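# Examination of the molecular architecture
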Amino acid sequence: MKNIKIYNAEKYKENEYEKVEENIYKTKDNFLHGDCYVTSLCFEQEPEFGEGEDSSDISQYPLEDVLDKFLVAVEDFYEDKNDGNSNICYLEFSGTEIHNIKDLINIVGKHVYNEIYLKNNKEYVKLVIE
């Protein structure tokens, strides 16, 4: 993942979203049965790191590792934007704790990828954020 930026979705102008901080909104989320904090990011994938070729093929990794690291979930896949006509991917992320969303936003402008390394003759994968 590279060229990671904030995506200011039009839907954040709707009444169900309350801006609580710059680029962070609070909404009632039935799945989590409570308040939910959200933000949206856009990014380009890197096929040379095993990621998808375009926005219709968002790779599981490193996305899954990002979700695990920051304790967030994908709330919206923006299917209308992720139609394969662009290499820019759009996702909304959600979490029950605002600090997790704040931490996630820190990847904006950074390069995020998975790196394979050997330890005791076994292959491991680590998430790299640089």
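Our subject is the structure listed above.
Residues numbered from 1 in each chain as written. Predicted model: local features only at pLDDT ≥ 70, side-chain atom pairs only at ≥ 80, totals over all residues. Heavy atoms only, no water.

Quick look at the pattern of salt bridges now. Inspection of every chain in the model, using the stated rule, returns 6 salt bridges. Glu 22 is the salt-bridge partner of Lys 19, the closest N and O atoms lying 3.5 Å from each other. The exposure class of Lys 19 is partly exposed, given its relative accessible area of 47%. What makes Glu 22 exposed here is its relative accessible area of 57%. Across the salt bridge formed by Glu 21 and Lys 102, the nearest N and O atoms sit 3.0 Å from each other. With Glu 21 in strand β2 (residues 18-21) and Lys 102 in helix α2 (residues 98-105), this pair connects stretches of sequence that are 81 residues apart. The class of Glu 21 is partly exposed, set by a relative accessible area of 33%. By relative accessible area, which is 35% here, Lys 102 ends up partly exposed. One continuous salt-bridge network, built from bridges that share partners, spans Lys 11, Asp 76 and Glu 92. (Salt bridge = Lys/Arg side-chain N within 4 Å of Asp/Glu carboxyl O. Buried < 20%, exposed > 50% of the residue type's maximum accessible area, 1.4 Å probe, protein only. Helix = DSSP H or I, 4+ residues; strand = E, 2+ residues; numbered from the N terminus.)

What follows concerns empty space enclosed by the protein. According to the stated counting rule, one finds 1 cavity of 30 Å³ or more in the structure shown. The space that makes up the largest cavity amounts to roughly 40 Å³. Every residue lining the largest cavity is listed: Met 1, Phe 43, Gln 45, Glu 51, Ile 58, Ser 59, Tyr 61, Pro 62 and Leu 63. Of the residues that constitute the lining of the largest cavity, the class distribution is 6 nonpolar, 2 polar and 1 charged. (1 Å grid on protein atoms, 1.4 Å probe; cavity = no way out; pocket = protein on both sides within 12 Å on 5 of 7 lines; lining within 4 Å. Points joined across faces, edges and corners; volume = space filled by probe spheres on them. Nonpolar A, V, L, I, M, F, W, Y, C, P; charged D, E, K, R; others polar.)

Let's shift gears to the pairing of strand β8 (residues 122-129). In terms of strand pairing, strand β7 (residues 112-119) meets β8 through 8 bridges, oriented antiparallel. Residue Ile 116 lies in a different strand from β8, and its bridge partner there is Val 125. As consecutive antiparallel partners, β7 and β8 are separated by 2 residues, and within that stretch Asn 120 has a phi angle of approximately 55 degrees, a positive value. (Pairing = 2+ DSSP bridges.)

Tracing the sequence through the fold places Asn 82 in the loop between β5 (73-76) and β6 (88-95). On the accessibility criterion, Asn 82 (10% relative accessible area) is buried. In terms of polar contacts, Asn 82 uses its side chain to reach the backbone carbonyl oxygen of Phe 77, at 2.4 Å. At a separation of 2.7 Å, a polar atom in the side chain of Asn 82 contacts the main-chain carbonyl oxygen of Tyr 90. For Asn 82, the residues in contact, after removing those within four places along its chain, are Ser 55, Ser 56, Ile 58, Phe 77, Ile 88, Cys 89, Tyr 90 and Leu 91. (Polar contact = N/O pair within 3.5 Å; in protein donor to acceptor, adjacent residues only side chain to side chain. Contact = heavy atoms within 4.5 Å.)

All of the buried residues along helix α1 (residues 63-70) are Leu 63, Val 66, Leu 67 and Phe 70. One side of α1 carries all its buried residues, which in axial view fall inside an arc of 100 degrees. Those residues of α1 hidden inside the fold are in contact with β5, β6, α2, β7 and β8. One or two positions beyond α1, positive phi appears at Leu 71, with a value near 55 degrees. (Arc of directions from axis to C-beta.)

Structural measurements only, silent on function.
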